Amino acid sequence: MPTASAIASTALTAIPGQPSPDWSTVSRIAIQECHERLLPMSLAPSPIVVFPAYARLGIPGAIPECFVREGVYRALLAVARSLPEGIKLLVLDGWRPWRVQQYLFDTLHEAIRHQHPQAEEAELLTRTREFVSLPSRDPAAPSPHLTGGAVDVTLCDDDGIPLDMGTLFDEAVPASHTDHYEHLDTSSTEHRHVRDNRRLLYHAMRQQGFTNLPSEWWHFDLGDQLWAHYGGHPHARYGPAELDTIENRWRRHIR
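No experiment lies behind these values; they were computed from the predicted model shown.

Parameters and conventions
- Residues numbered from 1 in each chain as written.
- Predicted model: local features only at pLDDT ≥ 70, side-chain atom pairs only at ≥ 80, totals over all residues.
- Heavy atoms only, no water.
- Helix = DSSP H or I, 4+ residues; strand = E, 2+ residues; numbered from the N terminus.
- Buried < 20%, exposed > 50% of the residue type's maximum accessible area, 1.4 Å probe, protein only.
- Contact = heavy atoms within 4.5 Å.
- Pairing = 2+ DSSP bridges.
- Phe/Tyr/Trp six-rings, centres within 6.5 Å; stacked < 30°, edge-to-face > 60°.
- Lys NZ or Arg CZ within 6 Å of the ring centre and 35° of its normal.
- pLDDT = per-residue confidence, 0-100.
- Salt bridge = Lys/Arg side-chain N within 4 Å of Asp/Glu carboxyl O.
- Axes fitted to C-alpha atoms, helices over the stretch in contact; angles between N-to-C directions.

A few words on the overall build of the chain. What the chain contains, in helices and strands, is 8 helices and 7 strands. Counting the 255 residues in the chain, one finds 49% classified as buried. For the chain, the share of sequence-separated contacts (at least 6 apart) that also reach a separation of at least 24 residues comes to 75%.

Quick look at the structure:
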């Protein structure tokens, strides 16, 4: 299996540390909706691979496709085409129904409560929001994945086998923080490979305009409020999107 550290021609600089988002600040960023359509990532050619993780896991309400806004679709293709030969971009999730967001939040919140029975509700909420944003359909402050601008991605080889990123996708542990392996002893070959795989993904996504959620190496944003926050943009381009609306628009166009 190819790893980023085995590709001598690729310069991989350290992933910079970033603070966790202040969600109250993020939610106040203005949205100037551009009305881009949602597109299914399964339309994309190689080197994109699509695996709708939540549907495959049987999460209630999950759909068997990864939809993203058109601008995100094109940017992801650019990312995939920039990767070294033998490595592909694996898309795990994009636009997320509100019901799925609620399920993920409630499930993690309950798991943390079970692990820390003495924790106050405010602490439980903070710990939960580290890995799952608060479910929100508020037009002025939607959950990132509800906009079609947030994506969960990783890298895989030509056979579709994911590269080692140190933790599983959606694993709510400190090691999932994007820069975690920047602080470990890289005399270990395993640690060095993981660090370099994360660097390759991070920099390939950043070069195409995406920003990263610091607590999740797999989560990137383009056009939503979280992107505006970390990218220093004056406003977001994507508010909440409804898949039914997009599907109906396509049907009217076909007719």
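A regular strand places its side chains so that they alternate between the two faces of the sheet. With respect to burial, strand β4 (residues 87–93) is a largely interior element, 7 of its 7 residues being buried. Here strand β2 (residues 48–50) runs beside β4; their pairing, made up of 3 bridges, is parallel. Bridge pairing in β4 places Val 50 opposite Val 91. Judged from the 6 bridges that link them, β4 and strand β5 (residues 150–157) form a sheet pairing that is antiparallel. Note that in β5 the partner of Val 91 across the bridge is Val 153.

Taken as a whole and judged by the stated rule, the model has 3 aromatic pairs. A ring pair is formed by Trp 217 and Trp 218, whose centres lie 5.2 Å apart and whose planes are at 85 degrees; its orientation type is edge-to-face. Here Trp 217 and Trp 218 have matching classes, each one buried. One aromatic cluster is present, formed by Tyr 54, Phe 169, Trp 217 and Trp 218 through successive ring pairs. Sitting above the plane of the Trp 227 ring, Arg 237 keeps its charged end 4.9 Å from the centroid. Between Arg 237 and the ring centre of Tyr 238, over which it is positioned, the NZ or CZ distance is 5.6 Å.

For Thr 211, the location among the structural elements is in strand β6 (residues 211–212). Each residue touching Thr 211, except ones within four places of it in the same chain, is listed here: Arg 206, His 219, Phe 220, Asp 221, Leu 226, Trp 227, Tyr 230 and Gly 231.

Taken over all residues, the pLDDT of the chain has a mean of 88, while the share at 70 or more is 89%. Low pLDDT, under 50, characterises residues 5–10; the stretch is placed with 6 contacts to residues that sit more than four places away or in other chains. The model gives residues 246–255 a pLDDT under 50, and that stretch makes 8 contacts with residues more than four places away or in other chains.

All told, the structure shown has 7 salt bridges when counted by the stated rule. Linking Arg 96 and Asp 93 is a salt bridge whose minimum nitrogen-to-oxygen distance equals 2.7 Å. Since its relative accessible area comes to 5%, Arg 96 is described here as buried. For Arg 96, the salt bridge is made with Asp 152, and the minimal N-O distance between the two is 3.2 Å. On the criterion of sequence distance, the pair formed by Arg 96 in the loop between β4 and α4 (98–115) and Asp 152 in strand β5 is long-range, its members being 56 residues apart. The two residues Arg 96 and Asp 152 agree in class, both being buried. Because the salt bridges share partners, they merge into one network encompassing Arg 37, Glu 70 and Arg 74.

Next up on the list: the sheet that holds β4. Across the sheet, 5 strands lie side by side as β2-β4-β5-β7-β6; this open sheet has mixed pairing. The sheet is open, and its two borders are formed by β2 and β6, each paired with just one other strand. Alignment of β6 against strand β7 (residues 219–221), held across 2 bridges, turns out to be antiparallel. Bridge pairing in β7 links Asn 212 to Phe 220. Here helix α3 (residues 70–82) sits on the sheet in contact with β2, β4 and β5, set at roughly 150 degrees to β4. Its contacts with the sheet place helix α6 (residues 189–207) against β4, β5, β6 and β7, and it is angled at close to 130 degrees to β5.

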